[in-house]
Amino acid sequence: MNEMTIVGMQSMSFKTDSGDLMEGIKVYFNVYDPNVTGQMASGQFVRQAVIENMPYFPKVGEKCIGYFNMKGKISGFAKIENK
């Protein structure tokens, strides 16, 4: 679980090595890392099937909590409410 700021998104559609169609969104985000001066930037592909099962999917510019599964892939997001 990491607090992150969504800085970009890219719709993607491609075929896997086995010929299956993979669709989704590459999410680009900044996160705080105490070992980095400033913020760390990263991006991760999220399959459309996973996105459709999420109760919340952030927009560019939003701060949120990102949840990751055991393989390090994004499994969900939670909105950070303004205080």
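The structure we're discussing is the one just above.
From a predicted model like this one, the values you see are computed outputs, not experimental measurements. (Residues numbered from 1 in each chain as written. Predicted model: local features only at pLDDT ≥ 70, side-chain atom pairs only at ≥ 80, totals over all residues. Heavy atoms only, no water.)

Asks: Help me understand the sheet that holds strand E1 (residues 2-15) in this model?
Replies: Ordered by their spatial adjacency, five strands build an open sheet running E3-E2-E1-E4-E5, and the pairing between neighbours is antiparallel. Looking at which strands have only one partner, the edges of the open sheet turn out to be strand E3 (40-47) and strand E5 (74-79). If you compare each strand with its neighbour and ignore which way they point, the axes differ by 35° on average. Here four bridges tie E1 to strand E4 (residues 63-68), and the two strands are oriented antiparallel to one another. When the sheet's bridge partners are listed, Met 4 is paired in E4 with Cys 64. (Pairing = 2+ DSSP bridges. Helix = DSSP H or I, 4+ residues; strand = E, 2+ residues; numbered from the N terminus. Axes fitted to C-alpha atoms, helices over the stretch in contact; angles between N-to-C directions.)

Asks: Would you take a moment to explain the pairing of E1 for this structure?
Replies: In summary, the side chains of a regular strand alternate between the two faces of the sheet. Where E1 lies against strand E2 (residues 21-31), 11 bridges are found, and the strand directions are antiparallel. When the sheet's bridge partners are listed, Thr 5 is paired in E2 with Asn 30. Here E1 folds back onto E2, and the loop between the two strands holds five residues, one of which, Gly 19, carries a positive phi near 90°.

Asks: So what exactly am I meant to see when it comes to the packing of aromatic side chains here?
Replies: Working definition: an aromatic ring pair is given by the centre-to-centre distance plus the angle between the planes. Taken as a whole, this structure holds two aromatic pairs when the rule is applied. Their ring planes at 90° and their centres at 5.5 Å tell us that Phe 57 and Phe 77 sit as a pair that is edge-to-face. Taken as a pair, Phe 57 in the loop between helix H1 (48-52) and E4 and Phe 77 in strand E5 lie far apart in primary sequence, 20 residues in all. The exposure class assigned to Phe 77 is buried, which follows from its relative accessible area of 7%. (Phe/Tyr/Trp six-rings, centres within 6.5 Å; stacked < 30°, edge-to-face > 60°. Buried < 20%, exposed > 50% of the residue type's maximum accessible area, 1.4 Å probe, protein only.)

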